[in-house]
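Structural overview
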Number of protein chains: 2
Amino acid sequence: MRFTSEQRLDDGVFEREFTLGEIPGILWTPGSASAPAPLILLGHPGGLHKMYPRLVARARHSAAEGFAAATIELPGSGDRPRSAATEKARADLHRALDAGERVDDEIVDRLVLPLVEKAVPEWRAVLDALLSLPEIGGPVGYAGGVIAIGIRLVVVEPRISAALLFAGSFVPRTMFEDARQVTIPLQVLLQWDDEGNDRQLALDLFDAFGSKEKTLHANMGGHTGVPQFEGDDGNRFFARHLK
Amino acid sequence: MRFTSEQRLDDGVFEREFTLGEIPGILWTPGSASAPAPLILLGHPGGLHKMYPRLVARARHSAAEGFAAATIELPGSGDRPRSAATEKARADLHRALDAGERVDDEIVDRLVLPLVEKAVPEWRAVLDALLSLPEIGGPVGYAGGVIAIGIRLVVVEPRISAALLFAGSFVPRTMFEDARQVTIPLQVLLQWDDEGNDRQLALDLFDAFGSKEKTLHANMGGHTGVPQFEGDDGNRFFARHLK
């Protein structure tokens, strides 16, 4: 892991950009950490630069509770090399959405499954590197989308103790088998009035999770309108399980 | 309103039993209140004595945040005179449940609608009396079941500013029209794995509420297994809206 830039934000949070092989990412650590900090991995739909304002806000919020936070660019997003097959699947998806059609399961599979296959080992390699830093301890949580990546990651990665997942529509049907294998505490966020989201699929997926402790928080406000208070609720969820 | 007994609980909360006409109830006020306290009305399924342990726990939790809390006995429950029609409807309900049958809408209507018609004016009369006490201020919240009573009460009673509703199965279909008229901030609690509860009805009802701010919290743990942390979440919900 190579740090390529660093800056101290105005609230004291220490922000460092890094690369691990070809994977770019960002690490935020609390300004006032004395002991090694628990770590939250921040998932997002891809495009680190575009997502930066929302990611840094989430990281600062977590840092205020004593958590370190890290994110990486998804394969095929941002400045990373494109995959022709993924670009084709993405174009097919947008064509269906623009036409107001139901998106074929086959398109979702072509788009999401290769992304899950590539992103999960990358997250695990980055987790190895982060946990070797003296300022990062355990336990580890995962927060965000892409929900399919989050699900597979928490199934295969025993170092992740709790996850806050953002419900999204594009979940390959085969991922329900993964969902049944999830046993860690979960909090799932669903935007109830997100017209681009398949609400029934999100409810079915919540039902499928094997976790004994799972909580669904459904709110109004559209796709990007997650209420402010869910940030505090997320911190409390991780404080219950990572401290 | 006549106070019939009073005691100071070990955490300083002041508990008073009262009657208003033929309606018995309990009022809890915070030990350390200096200004008039905001008030939370605690709904329950009937049977004050049986429900007391859970009600006093909720009241103490609210008092710790500076809220007064009050509850009343439902018409036809506890020591109050029975209604033959309600007893018949209750027997029909239990017969259907014991036989593992779907409960007819007609039985739900016979059981719940008269209860709503009687309980709502009683709550409003008790609210008049409570708000005339110098130690009780506004604003006012409603928390608990019976959800049909809570819905009608917040539709007709403009002094209630926020409600935390417990999802339950026995909601007359005509109450969906009431639900659409609810506009105050809502938090709805649903026990996802409550086998005696109609989950789809609870989700449809959540969808029907007219409120711009509404949040659904679904948890595991069966009918009576609402997680401890929902008590804190409820306090924070009311702190956002009643303070």
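An unreviewed UniProt entry annotates chain A as Dienelactone hydrolase of Saccharopolyspora spinosa.

The helix and strand tally for chain A stands at seven helices and nine strands. For chain A, whose C-alpha radius of gyration is 17 Å, the value lies close to the compact-globule estimate of 18 Å for 243 residues. In terms of overall dimensions, chain A has C-alpha extents of about 50 × 40 × 30 Å along its principal axes. For chain A, buried positions account for 54% of its 243 residues.

Often the size quoted for an interface is simply the accessible area lost on bringing the parts together. If you look at the interface, chain B gives 19 residues, while chain A gives 19 residues. Buried area between chain B and chain A, both sides added, is near 1700 Å², and the carbon and sulfur share of it is 57%. Its largest share of buried area at the contact with chain A, chain B owes to W192, M220 and F229 of chain B, together 29% of the area lost on that side. Counting every contact that joins chain B to chain A gives two salt bridges.

Residues and elements named next belong to chain A. A large share of strand β7 (residues 160-166) lies buried, amounting to five of its seven residues. Handedness of the crossover joining strand β6 (residues 136-144) and β7 through helix α4 (residues 147-156) is recorded here as right-handed. What joins β7 to strand β8 (residues 186-191) is helix α5 (residues 175-181), and the crossover it makes is right-handed.

Quick look at the pairing of strand β2 (residues 14-20) of chain A now. Residues and elements named next belong to chain A. Of all seven residues in β2, five are buried, a share of seventy percent or more. Bridging between strand β1 (residues 2-8) and β2 involves six bridges; their strand directions are antiparallel. Of the residues in β2, the one forming a bridge with E6 is R16. If you look at the hairpin formed by β1 and β2, you'll find five residues sitting between the two strands, and G12 has a positive phi there, around 90°. Hairpin connection from β2 to strand β3 (residues 23-29): two residues lie between these consecutive antiparallel strands, with G21 at a positive phi of about 60°.

So, about the side chain of S62 of chain B. All names here are of chain B. Tracing the chain through its elements places S62 in helix α1 (residues 48-63). S62 gets classed as buried once you look at its relative accessible area, which sits at 7%. Beyond its immediate sequence surroundings of up to four residues, S62 is in contact with I40, F67 and N235.

Here we come to the side chain of R80 of chain B. All names here are of chain B. Along the chain, R80 turns up in the loop between β5 (68-72) and α2 (84-98). Assessed through its relative accessible area of 5%, R80 is described here as buried. In this structure the side chain of R80 is engaged in a polar contact, spanning 2.8 Å, whose partner is the side chain of E122. With residues up to four places along the chain from it excluded, the contact list for R80 reads E22, I23, P24, E73, L74, P75 and E122.

A full pass over the atoms with the stated rule returns ten aromatic pairs over all chains. Measuring from centroid to centroid gives 6.5 Å for F3 of chain A and F18 of chain A, while their planes differ by 85°, and the two rings are edge-to-face. In this pair, F3 of chain A is assigned in strand β1 and F18 of chain A in strand β2, connecting sequence segments 15 residues apart. When the ring of W123 of chain B is compared with that of Y142 of chain B, the centres are 6.0 Å apart and the planes differ by 85°; the resulting orientation is edge-to-face. With W123 of chain B in helix α3 (residues 105-131) and Y142 of chain B in strand β6 (residues 136-144), this residue pair connects regions lying 19 residues apart in the sequence. In this pair, the class of W123 of chain B matches that of Y142 of chain B, namely buried. An aromatic cluster is present here, built from F67, F237 and F238 of chain A joined pairwise through their rings. The cationic tip of R16 of chain A hangs over the ring face of F3 of chain A; the distance from NZ or CZ to the ring centre is 4.6 Å.

On to the relation of the copies chain B and chain A, then. Superposing chain B onto chain A requires a rotation of 180° together with a translation of 0.0 Å along the rotation axis, leaving an RMSD of 0.0 Å. The superposition operator between the copies reduces to a two-fold rotation axis. Across chain B, the smallest distance between a C-alpha and the rotation axis is recorded for H217 of chain B, namely 2.5 Å. When the interface residues of chain B are mapped onto chain A, 100% of them again fall at the interface, so both copies present the same face.

Before going further, it helps to examine the packing of helix α7 (residues 229-242) of chain A against helix α7 (residues 229-242) of chain B. At a minimum axis distance of 12 Å, the contact between α7 of chain A and α7 of chain B shows a crossing angle of 155°. Between α7 of chain A and α7 of chain B, the angle is such that the two are roughly antiparallel. Here α7 of chain A and α7 of chain B pass one another in a crossing that is right-handed. Listed contacts from α7 of chain B to F229, D233, R236 and R240 of chain A of α7 of chain A are F229, D233, R236 and R240 of chain B. Among the residues forming the contact of α7 of chain A with α7 of chain B, the class breakdown is two nonpolar, no polar and six charged.

Our focus in this paragraph is the packing of α2 of chain B against α3 of chain B. Residues and elements named next belong to chain B. Two numbers describe how α2 lies on α3: the axes approach to 8 Å, and their chain directions differ by 140°. In terms of orientation, α2 lies oblique with respect to α3. At the point where α2 passes α3, the crossing takes the left-handed sense. Note on element contacts: α3 touches α2 through I107, R110, L111 and K118, opposite T86, K88, A89, R90, D92 and L93. Within the contact of α2 with α3, the residues separate by chemical class into four nonpolar, one polar and five charged.

Parameters and conventions
- Residues numbered from 1 in each chain as written.
- Chains lettered and ligands numbered in written order.
- Predicted model: local features only at pLDDT ≥ 70, side-chain atom pairs only at ≥ 80, totals over all residues.
- Heavy atoms only, no water.
- Helix = DSSP H or I, 4+ residues; strand = E, 2+ residues; numbered from the N terminus.
- Rg over C-alpha atoms; globule rule 2.2 N^0.38 Å.
- Buried < 20%, exposed > 50% of the residue type's maximum accessible area, 1.4 Å probe, protein only.
- Contact = heavy atoms within 4.5 Å.
- Buried area = accessible area lost by both parts, 1.4 Å probe.
- Salt bridge = Lys/Arg side-chain N within 4 Å of Asp/Glu carboxyl O.
- Right-handed = clockwise from strand over helix to strand, strands pointing away.
- Pairing = 2+ DSSP bridges.
- Polar contact = N/O pair within 3.5 Å; in protein donor to acceptor, adjacent residues only side chain to side chain.
- Phe/Tyr/Trp six-rings, centres within 6.5 Å; stacked < 30°, edge-to-face > 60°.
- Lys NZ or Arg CZ within 6 Å of the ring centre and 35° of its normal.
- Least-squares fit on C-alpha atoms with pLDDT ≥ 70 in both.
- Axes fitted to C-alpha atoms, helices over the stretch in contact; angles between N-to-C directions.
- Parallel < 35°, antiparallel > 145°, perpendicular 65-115°, else oblique.
- Left-handed = near helix turned anticlockwise from the far one by under 90°.
- Nonpolar A, V, L, I, M, F, W, Y, C, P; charged D, E, K, R; others polar.

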